[in-house]
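Observations on the three-dimensional arrangement
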Amino acid sequence: MATNISEQPAKASGTYRIGGDVTVNRLGYGAMQITGPGVWGDPKDPAEAVRVLRRAVELGVTFIDTADSYGPFVSELLIREALHPYADDLVIATKAGLTRSGPGDWRAVGRPEYLRQQCELSLRHLGLDTIPLYQLHRIDSKVPLADQLGELALLRQEGKIRHIGLSEVSVAQIEESRKITTIASVQNLYNLANRSAEDVLEYCERNDLAFIPWFPIATGELARPGGPLDAISTAHGASPAQLALAWLLRRSPVMLPIPGTSSVAHLEENVGAADVRLTDDEFESLAKAS
């Protein structure tokens, strides 16, 4: 059954150690939606964005995922405004490798000098000496992968980042990347209704890499009246979104869902998913239905 929002419900999601030494509560927060339309510019209500970030930490969230391209830089700056100086257990992950030329426009750039510049800017904008998890937002097909990851490895040697992650990659790309440098995490599109990255998740499980599913709450036709999520929602007194997150948390111990929202009310609902416990039959029926 879903319980009421407790003091720090995110703790009920359990913990995971990114790279073997950075411990986070598994249910995190994705900070893309605290920007303007098209993930461009300032949000309509910056004060609410600050409230969301502060409330997330109050609810026990210790893992916040962002990117330099969200805004650009708007998300990182809001995180610093809301939460700096950071709690000792708060882990902020960011990304570089996508440039922006307008709302909704994303273009991969993986030149080493660009990635270094963006890392330095993220350190400044976030107010950090070291970024705990720095992710290559996209592999740039025009630049050798060894050059892209090699620069991140240099930044790690310099103490500017602690761990390196990848985003939207195949198993073959992860394996190629691990020949170049140590990889701690993978962030791919994955949710109850779209499990096309199942092979990547299974690879992460076998190799103890954090798997960070973006767009984790999509439920599609599963939430239709009379559908699988609808029936289980009634039984648990939980929303379809909470069930979708609970399913992800149950699916794998390396799963770190990062639902995003610009609303405190939605944030509280999402974090409440950590208290939802699916039975074996419910978990299997949702897996089969999707």
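This section reports on the structure supplied with the text. None of the values given here were measured: they were computed from a predicted structure.

How each quantity is defined
- Residues numbered from 1 in each chain as written.
- Predicted model: local features only at pLDDT ≥ 70, side-chain atom pairs only at ≥ 80, totals over all residues.
- Heavy atoms only, no water.
- 1 Å grid on protein atoms, 1.4 Å probe; cavity = no way out; pocket = protein on both sides within 12 Å on 5 of 7 lines; lining within 4 Å.
- Points joined across faces, edges and corners; volume = space filled by probe spheres on them.
- Helix = DSSP H or I, 4+ residues; strand = E, 2+ residues; numbered from the N terminus.
- Nonpolar A, V, L, I, M, F, W, Y, C, P; charged D, E, K, R; others polar.
- Buried < 20%, exposed > 50% of the residue type's maximum accessible area, 1.4 Å probe, protein only.
- Pairing = 2+ DSSP bridges.
- Contact = heavy atoms within 4.5 Å.
- Axes fitted to C-alpha atoms, helices over the stretch in contact; angles between N-to-C directions.
- Parallel < 35°, antiparallel > 145°, perpendicular 65-115°, else oblique.
- Left-handed = near helix turned anticlockwise from the far one by under 90°.
- Core = buried A, V, L, I, M, F, W, Y, C linked by side-chain atoms within 4.5 Å.

Focus on the layout of surface pockets
In this model, the largest pocket occupies a volume close to 500 Å³. Counting residues per element, the lining of the largest pocket draws most heavily on helix H9 (residues 264–271), at three residues. Considering only residue class, the lining of the largest pocket consists of twelve nonpolar, nine polar and four charged. Space inside the second largest pocket adds up to approximately 180 Å³. What lines the second largest pocket is a set of 13 residues, and nearest its centre among them are Gln33, Thr35, Pro43, Lys44 and Ser262. Class assignment for the residues of the lining of the second largest pocket results in five nonpolar, five polar and three charged.

Some points on the pairing of strand E1 (residues 15–18)
In summary, the side chains of a regular strand alternate between the two faces of the sheet. Here E1 shows one buried face, formed by Tyr16 and Ile18, and one open face, formed by Thr15 and Arg17. What sits between the antiparallel neighbours E1 and strand E2 (residues 22–25) is a turn of three residues, in which Gly19 has the positive phi angle 65°.

Some thoughts on helix H2 (residues 74–83)
Within H2, seven of the ten residues are buried, which leaves it mostly tucked inside the rest of the structure. When H2 is considered as a whole, its buried residues turn out to be Val74, Ser75, Glu76, Leu78, Ile79, Ala82 and Leu83. Tucked inside the fold, the buried residues of H2 contact helix H1 (46–58), strand E4 (63–65), strand E5 (91–96) and helix H3 (112–126).

A word on the packing of H1 against H9
Between H1 and H9, the shortest axis-to-axis distance is 9 Å and the interhelical angle comes to 20°. Viewed along their axes, H1 and H9 adopt a mutual orientation that is roughly parallel. H9 is crossed by H1, and the crossing has right-handed handedness. Within the contact between the two elements, H1 uses Glu48, Arg51, Val52, Arg55 and Ala56 and H9 uses Val264, Leu267 and Glu268. Broken down by class, the residue content of the contact of H1 with H9 amounts to four nonpolar, no polar and four charged.

What to know about the environment of Glu198
Its place among the elements puts Glu198 in helix H6 (residues 198–207). The spacing of Glu198 and Asn188 is ten residues in sequence and 9.9 Å in space, taken between C-alpha atoms.

Quick notes on the sheet that holds strand E9 (residues 161–167)
The strands making up a sheet are joined through hydrogen bonds of the backbone, oriented either antiparallel or parallel. One open sheet accounts for seven strands, arranged E3-E4-E5-E8-E9-E10-E11; its pairing is parallel. The sheet is open, and its two edges are formed by strand E3 (29–30) and strand E11 (210–214), each paired on a single side. Bridging between strand E8 (residues 131–136) and E9 involves five bridges; their strand directions are parallel. Note that in E9 the partner of Tyr134 across the bridge is Ile164.

Focus: the nonpolar core
The biggest cluster of nonpolar side chains holds 85 residues, and the ones touching the most others in it are Ile18 and Phe63. Discounting chain neighbours no more than four positions away, the residues touching Phe63 are Ile18, Val24, Asn25, Gly28, Tyr29, Leu90, Val91, Ala93, Leu133, Ile212, Leu256 and Ile258.

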